[in-house]
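# Results of the structural survey
Residues per chain are reported as follows:
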Amino acid sequence: MIAEAGHFALWLAVGVTLVLGTLPLVGAQRGRADWMALARPATHVLLGLIVFAYGCLIMSFVRNDFSLLNVASHSNSALPTIYRIAASWGSHEGSLLLWLLMQAGWAWAVATFSKDLPQPVLARILAVMGLLTLSFLLFVLFTSNPFDRLFPVPADGRDLNPQLQDPGMIFHPPMLYMGYVGMSVAFSFAVAALIGGNLDAQWARWSRPWTTVAWAFLTFGIALGSWWAYYELGWGGWWFWDAVENASFMPWLVATALIHSLAVTEKRGSFKSWTVLLAILGYSLALLGTFLVRSGVITSVHSFAADPTRGAFILVMLAITVSAALALYAWRAPSVGLGARFASVSRESMLLANNVLLVVAMGAVMLGTLYPLILDALGLGKISVGAPYFNAVYVPIMAVLVFFMGLGPLARWKNDALPALAVRLRWAAGVTVVSAALTAWIGGIITFGSVMGLMMAYWILYTVLTELWERVKPAGGVKANVLHRLGQLPRATVGMMVAHVGVAVFVFGVTMVGTYDIERDVAMAPGDSTTVNGYTFTYQGTQPVRGPNFDAVRGHLAVTRDGRPVSDMYPEKRVYKVQRNPMTEAAIDSRIHGDLYVQLGEPLPGDKWLVRIWVKPFVTWIWIGCLFMGLGGIWAVTDRRYRQRATRSSTDMAGTATAAAR
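Let me begin by describing the structure that accompanies this report.

Looking at the secondary structure, you find Ala 440 in helix H15 (residues 418-443). A relative accessible area of 0% places Ala 440 in the buried class. Separated by 72 residues in the primary sequence, Ala 440 and Met 512 have C-alpha atoms spaced 9.3 Å apart. Sequence-distant contacts of Ala 440, defined by excluding residues within four places in its chain, comprise Ile 445, Ile 446, Val 451, Leu 454 and Tyr 516.

Below is the structure:
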């Protein structure tokens, strides 16, 4: 009965989304306040229904209801309860229900925290979100029902994929989906603005905090996925350029361009057409990523399904969504002005260059991801596009992007002089070169790539410090309180600086681990030692270990440096009882200056094991940098201007737009 109740709740949600997607939209166009007023309560009902349905699915997993195909395929009675809950989104069907939960949650959040938006604007936004939710509800109910029954009922389930039985998988999918689905909010704001004809600075101010929050969640989600792959898959890397990784990275690149474009639209009224197209592109890429993961065109530990019918459904959704949005844009394009003019040397031009480079970088990633799939689909052979292509194409684009990233915040709006900008940046440029050369010399390896990477990291850091000093230094010869001026900085500015410092930390970590990473494969018997980068690893032997649903062999390595104990490391080789899949659990000793990473390979004759050892300098800085980026975005949306009530002029503009749309 629990499953039937959840299934019924989904059908009720279809009715709610039909109301949400039609009546408020028609009401906004016709000036019917009673119809527009339906939007907010409809989102509350929708969220309640989806929460109930998802609760039913979780209960089915927790209670081991193997009469459900979804539970029988992805759970087991020996699976720990926390992983039974996580298994509810570890399948294709369950993950789509999680998507719907996030979609309904975002709609509820917009309805709840945007009470000061003019009623016609809010009604259009929620109506668009309702239609997007409806499309995914139909996808779930007709191709991916998580409540399908199974007969005869098996005695036990097939278990969750052992690679997903990890704490990282408890947090990574919800965080990633919050970002993925959050792109639908930016899309809905853009489409609603196109329908209402109010593509202006006020629209950008309304949309910007929601887009930034979605971008922050997407940043956290991608970082968590990278961290999980690093410690769980046992290969020692943090990014593989896997097609599914790229599927989340492409919308992140576009979302990054979008939040900067919204800043220009809000501040100067420029980039309006560009901003709308980025919002459409960002959500389109989220749908494309969904297609890649769920259509069976790729094989990956991250992919969910291999059903062409589901892939075809998503392609139809993508085609309808994009074509409708672009048709609206074509309709409104003649009435969208160019906005304020700006010189070739200005903050606007720097941000435009950044945005173009981000889109070009996205195109390069898309080409490397889709080209092999297209060749295979056309029967022209199978090829593999891996890290060499992406590093050769993507890294130079990022180098130029980082250069403009340092220039943008220090350039003046509308018009600036190149000599004056160079004077403001001379200190940052000089210290960047010295710091990069000194760091490479201390590290002992000096290559073009390492020096360029270090220069990129230091350039971002020192330009942020330069901007900070420009804002807080005493002005007019008066020695003002610098700390007081620092406290008066807008939160949006502080958030931007923190996010940019996060990029610098990330680039520094990538450069250091890419340049100074050391790997050693050693056959070791009990008592054997090997020294890697000054650390001595002594193999103490193995012992059997029994887990809740697996058997393992656990190794023990004592690590010392200069005779002093550093760590005891315990890598494992596991075999899960149901699927009998061998799994490698690496032992990692993380420190601020780097990781010691040990993996058990295969047993060898003579009581020996093949042991793989890595020393990874500053690898944790990669995820610390991502944390700074996301936290910077979250802090920026707490800025005072986003908490202020809408002005009367905002309402007037929206009313004018409503009248124009009639």
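Turning to a nonpolar patch on the surface, a few remarks are in order. Side chains of Leu 438, Trp 441, Ile 442 and Ile 446 sit close together on the surface and give an oily, nonpolar patch of about 500 Å² of accessible area. Positionally, Ile 446 belongs in the loop between H15 and helix H16 (448-472). Classification of Ile 446 as exposed rests on a relative accessible area of 56%.

With that out of the way, let us pick up the nonpolar core. One finds Leu 10, Ile 50, Val 110, Phe 136, Phe 189, Trp 203 and Leu 253 to be the most contacted residues of the largest nonpolar core, which totals 173 residues. A total of 17 residues in this core trace back to one element, the largest contributor, which is helix H8 (residues 168-196). If sequence neighbours within four positions are ignored, Phe 136 has contacts with Leu 96, Trp 99, Leu 100, Tyr 283, Leu 287 and Met 317. Membership of the second largest hydrophobic core comes to 17 residues, among which are Val 532, Tyr 535, Tyr 539 and Leu 557.

The residue Lys 608 is located in strand S10 (residues 608-617) in this model. In this structure, the C-alpha to C-alpha distance between Lys 608 and Ile 259, residues 349 residues apart in sequence, is 55 Å. Apart from residues lying up to four places away in sequence, Lys 608 is in contact with Met 524, Ala 525 and Pro 603.

Quick look at the side chain of Ser 67 now. Within the fold, Ser 67 resides in the loop between helix H3 (39-62) and helix H4 (69-74). By relative accessible area, Ser 67 is classed as buried at 14%. A distance of 2.4 Å separates the side chain of Ser 67 from the side chain of Asp 65, its partner in a polar contact. Polar contacts involving the side chain of Ser 67 include one to the side chain of Arg 149, which spans 2.4 Å. The contacts of Ser 67, once residues within four sequence positions are left out, are Asp 148, Arg 149, Leu 150 and Val 153.

Read across the open sheet, the four strands follow the order S1-S10-S9-S8; overall the sheet is antiparallel. Edge positions in the sheet fall to strand S1 (518-524) and strand S8 (587-591), since each has one partner strand and no second. Pairwise comparison of adjacent strand axes, ignoring direction, gives a mean angle of 15° for this sheet. Looking at chain direction, strand S9 (residues 594-604) and S10 are connected through nine bridges and run antiparallel. Paired with Gly 594 across the two strands is Pro 617, which belongs to S10. Relative to the sheet, helix H9 (residues 201-232) contacts S8, S9 and S10, its axis offset from that of S9 by approximately 45°. Contacting S1 and S10, helix H18 (residues 491-516) runs over the sheet at an angle of about 135° to S10.

With respect to the helices and strands, Ser 91 occurs in the loop between helix H5 (81-87) and helix H6 (92-113). By relative accessible area, Ser 91 is classed as buried at 1%. Separated by 2.7 Å, the side chains of Ser 91 and Asn 70 make a polar contact.

On to the pairing of strand S2 (residues 529-532). The two faces of the sheet receive side chains in turn, since in a regular strand these alternate between them. Where burial is concerned, the two faces of S2 differ: the one with Thr 530 and Val 532 is buried and the one with Ser 529 and Thr 531 is not. Two strands pair when backbone bridges link them, and S2 and strand S3 (residues 535-546) are joined in this way by four bridges, in the antiparallel orientation. Considered in S3, the bridge of Thr 530 is made with Phe 537.

All right, on to the pattern of salt bridges then. Here the idea is simple: oppositely charged side chains can pair when their charged atoms come close. Tallied over the entire structure, the rule returns 17 salt bridges. Close ionic contact of Glu 519 with Arg 612 constitutes a salt bridge, the shortest N to O distance being 3.6 Å. Residue Glu 519 is located in strand S1, and its partner Arg 612 is located in strand S10; the two are separated by 93 residues in the primary sequence. Assessed through its relative accessible area of 43%, Glu 519 is described here as partly exposed. Note that Arg 574 is salt-bridged to Glu 572, the shortest N-O span being 2.7 Å.

As a further point, take empty space enclosed by the protein. Summed over the entire model, instances satisfying the criterion amount to one cavity of 30 Å³ or more. Of the volumes computed, that of the largest cavity is approximately 30 Å³. Met 405, Gly 406, Pro 409, Ile 460, Thr 463, Val 464, Glu 467 and His 500 are the residues that line the largest cavity. Here the element with the most residues in the lining of the largest cavity is H16; it accounts for four residues.

The final tally for this structure, using the stated rule, is 32 aromatic pairs. Here the aromatic rings of Phe 139 and Phe 313 are separated by 5.1 Å at their centres, their planes lie at 25°, and the arrangement is stacked. Taken together, the residues span a long stretch of sequence, with Phe 139 in helix H7 (residues 119-143) and Phe 313 in helix H12 (residues 308-332) at a distance of 174 residues. Residue classification places Phe 139 among the buried residues on the basis of a relative accessible area of 0%. Pairing Trp 241 with Phe 249 gives two aromatic rings, centres 6.1 Å apart and planes at 70°, and the pair type is edge-to-face. Just as Trp 241 is buried, Phe 249 falls in that class too. Each member of the aromatic cluster is reached from another via a ring pair, and the members are Trp 215, Trp 239, Trp 241, Phe 249, Trp 252, Tyr 389, Phe 390 and Tyr 394. Between the NZ or CZ atom of Arg 561 and the centre of the ring of Tyr 535, over which it lies, the distance is 4.5 Å.

In this section: unusual backbone geometry. For the bond from Phe 151 to Pro 152, the omega torsion is 0°, close enough to zero to count as cis. Inspection of the secondary structure puts Pro 152 in the loop between H7 and H8. Although it is not a glycine, Phe 271 adopts a positive phi angle of roughly 65°. Positionally, Phe 271 belongs in the loop between helix H10 (243-268) and helix H11 (272-294). Although it is not a glycine, Phe 618 adopts a positive phi angle of roughly 60°.

Scoring rules and cut-offs
Residues numbered from 1 in each chain as written. Predicted model: local features only at pLDDT ≥ 70, side-chain atom pairs only at ≥ 80, totals over all residues. Heavy atoms only, no water. Helix = DSSP H or I, 4+ residues; strand = E, 2+ residues; numbered from the N terminus. Buried < 20%, exposed > 50% of the residue type's maximum accessible area, 1.4 Å probe, protein only. Contact = heavy atoms within 4.5 Å. Patch = residues over 30% accessible without salt bridge, like charges linked within 9 Å, V, L, I, M, F, W, Y side chains within 5 Å. Areas by Shrake-Rupley, 256 points an atom, 1.4 Å probe, with all protein chains shown as cover. Salt bridge = Lys/Arg side-chain N within 4 Å of Asp/Glu carboxyl O. Core = buried A, V, L, I, M, F, W, Y, C linked by side-chain atoms within 4.5 Å. Polar contact = N/O pair within 3.5 Å; in protein donor to acceptor, adjacent residues only side chain to side chain. Pairing = 2+ DSSP bridges. Axes fitted to C-alpha atoms, helices over the stretch in contact; angles between N-to-C directions. 1 Å grid on protein atoms, 1.4 Å probe; cavity = no way out; pocket = protein on both sides within 12 Å on 5 of 7 lines; lining within 4 Å. Points joined across faces, edges and corners; volume = space filled by probe spheres on them. Phe/Tyr/Trp six-rings, centres within 6.5 Å; stacked < 30°, edge-to-face > 60°. Lys NZ or Arg CZ within 6 Å of the ring centre and 35° of its normal.

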